[in-house]
Amino acid sequence: MIRTTLVTGGGSGIGKAVATLFAADGDHVFITGRRKDLLEAAAEEIAGTVTAIVCDHTDPDQLIALAAELPPTLDVLVNNAGGNRDMEGPPPAGLHELAARWRANLEANLLAAVLTTAAVDDRLAEGSAVVNIGSFAADRGAGSYGAAKAGMNTWNIFLAKQLGPRGITCNVVAPGYIDETEFFHGRKTPEFHAERVTETLVQRAGKPADIAEAVRFLASPAARHITCQVLRVDGGVIHSR
Ligand code: NDP
């Protein structure tokens, strides 16, 4: 049977790598994002059955429209869309700007996943898998972005309890520094890159495919008893105890 997989933010970076791997496995993969051109180019480029649907995952109306376009059953949901909306610039000038920046990161990284999962909940098949893309920022006190990803870890516990009776597993994959994505919007310096590599135990940056392989495992038949976990794929930067 052909699995159906939804990868949010599947037009670039980690999401595109996940979509590529799942499409290679024979899934019908749906990729979403806000940029139509990027999505259509990715769908064209990835070998296999890939359908591109434009959707802003922070917008309930667009999520309702997305759900109406999806097939009746989803086997895998990968909540990947996100990114740091507060990466540079001067400190916020006053409370209004502070509030706007926090709202932007909470919406983009936490609310987007919460709303998307709720929008497709009735389509998630028994025994399906939800994989949320978090971040090692959740464990590093990284302002509003880290708080949003830490919130995702806690929400994932709630979700795993809620969906567990249907045999649905819910896990977070928490990447460390992943090169070769649009995440840093061209603002990465060689010094920043070297610092991030040095703090890994394996002395290299992560690649989108490192994350995609972890997502593939968590969605596979081999992982049907693994739920409510945070799997760090960060080269050993954050140590488990
Ligand atoms: P990219 O910027 O390459 O990918 C993010 C994707 O999400 C884009 O395709 C973007 O497309 C889409 N997206 C963003 N916001 C929305 C939205 N509101 N609705 C729909 N689509 C959206 O970066 P990465 O691949 O690196 O990021 C993927 C995930 O990995 C993110 O959640 C990020 O926080 C996380 N992560 C990344 C790390 C890294 O070092 N790269 C480290 C830790 C976590 P569009 O703009 O067209 O909407």
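Source: prediction; values computed, not measured. (Residues numbered from 1 in each chain as written. Predicted model: local features only at pLDDT ≥ 70, side-chain atom pairs only at ≥ 80, totals over all residues. Heavy atoms only, no water.)

Peer 1: Help me understand the site of the ligand in this model?
Peer 2: Near the ligand there are 30 residues, and of these Arg34, Arg35, Asn80, Tyr145 and Thr181 occur at the shortest range. Here Asp56 contributes a side-chain N or O atom positioned 3.0 Å from a nitrogen atom of the ligand. Tyr145 is positioned with one of its side-chain polar atoms (N or O) 2.6 Å from an oxygen atom of the ligand. Protein contact buries 96% of the 880 Å² of open area that the ligand shows by itself. Looking at the shell around the ligand residue by residue, the class counts come to 10 nonpolar, 14 polar and 6 charged. (Near = heavy atom within 4 Å. Polar contact = N/O pair within 3.5 Å; in protein donor to acceptor, adjacent residues only side chain to side chain. Areas by Shrake-Rupley, 256 points an atom, 1.4 Å probe, with all protein chains shown as cover. Nonpolar A, V, L, I, M, F, W, Y, C, P; charged D, E, K, R; others polar.)

Peer 1: Got a minute to help me understand the packing of helix H4 (residues 95-120) against helix H5 (residues 143-163) in this structure?
Peer 2: Packed helices, taken two at a time, are described by the angle between their axes plus the distance between the axes. Look at H4 against H5: their axes get within 8 Å of each other, and the N-to-C directions meet at 20 degrees. Accordingly, the angle class assigned to the pair H4 and H5 is roughly parallel. With respect to the hand of their crossing, H4 and H5 are arranged in right-handed fashion. The residues of H5 that touch H4, namely those facing Arg101, Trp102, Asn105, Leu106, Asn109, Leu110, Ala113, Val114 and Thr117, are Gly143, Ser144, Tyr145, Ala147, Ala148, Lys149, Gly151, Met152, Trp155 and Leu159. Counted by class, the contact of H4 with H5 contains 11 nonpolar, 6 polar and 2 charged residues. (Axes fitted to C-alpha atoms, helices over the stretch in contact; angles between N-to-C directions. Helix = DSSP H or I, 4+ residues; strand = E, 2+ residues; numbered from the N terminus. Parallel < 35°, antiparallel > 145°, perpendicular 65-115°, else oblique. Left-handed = near helix turned anticlockwise from the far one by under 90°. Contact = heavy atoms within 4.5 Å.)

Peer 1: What am I meant to see in empty space enclosed by the protein here?
Peer 2: In this approach the atoms are scanned with a rolling probe the size of a water molecule, which exposes any empty space left behind. Summed over the entire model, instances satisfying the criterion amount to 1 cavity of 30 Å³ or more. Considering only enclosed or pocket space, the largest cavity measures out at about 40 Å³ in volume. Around the largest cavity, the lining residues are Thr8, His57, Asn79, Asn80, Ala81, Asn109, Ala112, Ala113, Thr116 and Met152. Per element, the largest residue contribution to the lining of the largest cavity is 4 residues, and it comes from H4. Here the lining of the largest cavity is composed, by residue class, of 4 nonpolar, 6 polar and no charged. (1 Å grid on protein atoms, 1.4 Å probe; cavity = no way out; pocket = protein on both sides within 12 Å on 5 of 7 lines; lining within 4 Å. Points joined across faces, edges and corners; volume = space filled by probe spheres on them.)

Peer 1: What am I meant to see in the pairing of strand E6 (residues 169-175) here?
Peer 2: Side-chain direction in a regular strand flips from residue to residue, so the side chains alternate between the two faces of the sheet. With 7 of 7 residues buried, E6 lies mostly within the body of the structure. Judged by which residues are buried, E6 turns out to be covered on both faces: Thr169, Asn171, Val173 and Pro175 on one side and Cys170, Val172 and Ala174 on the other are all buried. The pairing of strand E5 (residues 124-133) with E6 spans 5 bridges and is parallel. Bridge pairing in E6 places Ala129 opposite Thr169. Note that E6 and strand E7 (residues 230-233) share 4 bridges and pair parallel. Counted as the bridge partner of Ala174 is Arg232 from E7. (Buried < 20%, exposed > 50% of the residue type's maximum accessible area, 1.4 Å probe, protein only. Pairing = 2+ DSSP bridges.)

Peer 1: I'm lost on the packing of aromatic side chains in this one. Help?
Peer 2: Two numbers describe a pair of aromatic rings. These are the distance of the centres and the angle of the planes. Applying the stated rule across the entire model yields 5 aromatic pairs. A ring pair is formed by Phe183 and Phe184, whose centres lie 4.8 Å apart and whose planes are at 70 degrees; its orientation type is edge-to-face. Accessibility expressed as a relative area gives 25% for Phe183, which makes it partly exposed. Accessibility expressed as a relative area gives 13% for Phe184, which makes it buried. In this structure an aromatic cluster arises from ring pairing among Tyr145, Tyr177, Phe183, Phe184 and Phe192. (Phe/Tyr/Trp six-rings, centres within 6.5 Å; stacked < 30°, edge-to-face > 60°.)

Peer 1: Help me understand the sheet that holds strand E2 (residues 28-33) in this model?
Peer 2: Taken in spatial order, the 7 strands line up as E3-E2-E1-E4-E5-E6-E7 in an open sheet, and their pairing is parallel. The sheet is open, and its two edges are formed by strand E3 (49-54) and E7, each paired on a single side. Strand-to-strand twist across the sheet, computed as the mean angle between neighbouring axes with direction ignored, equals 20 degrees. Sitting on the sheet, helix H7 (residues 208-218) touches strand E4 (74-79), E5, E6 and E7, and the angle it makes with E6 is about 165 degrees.

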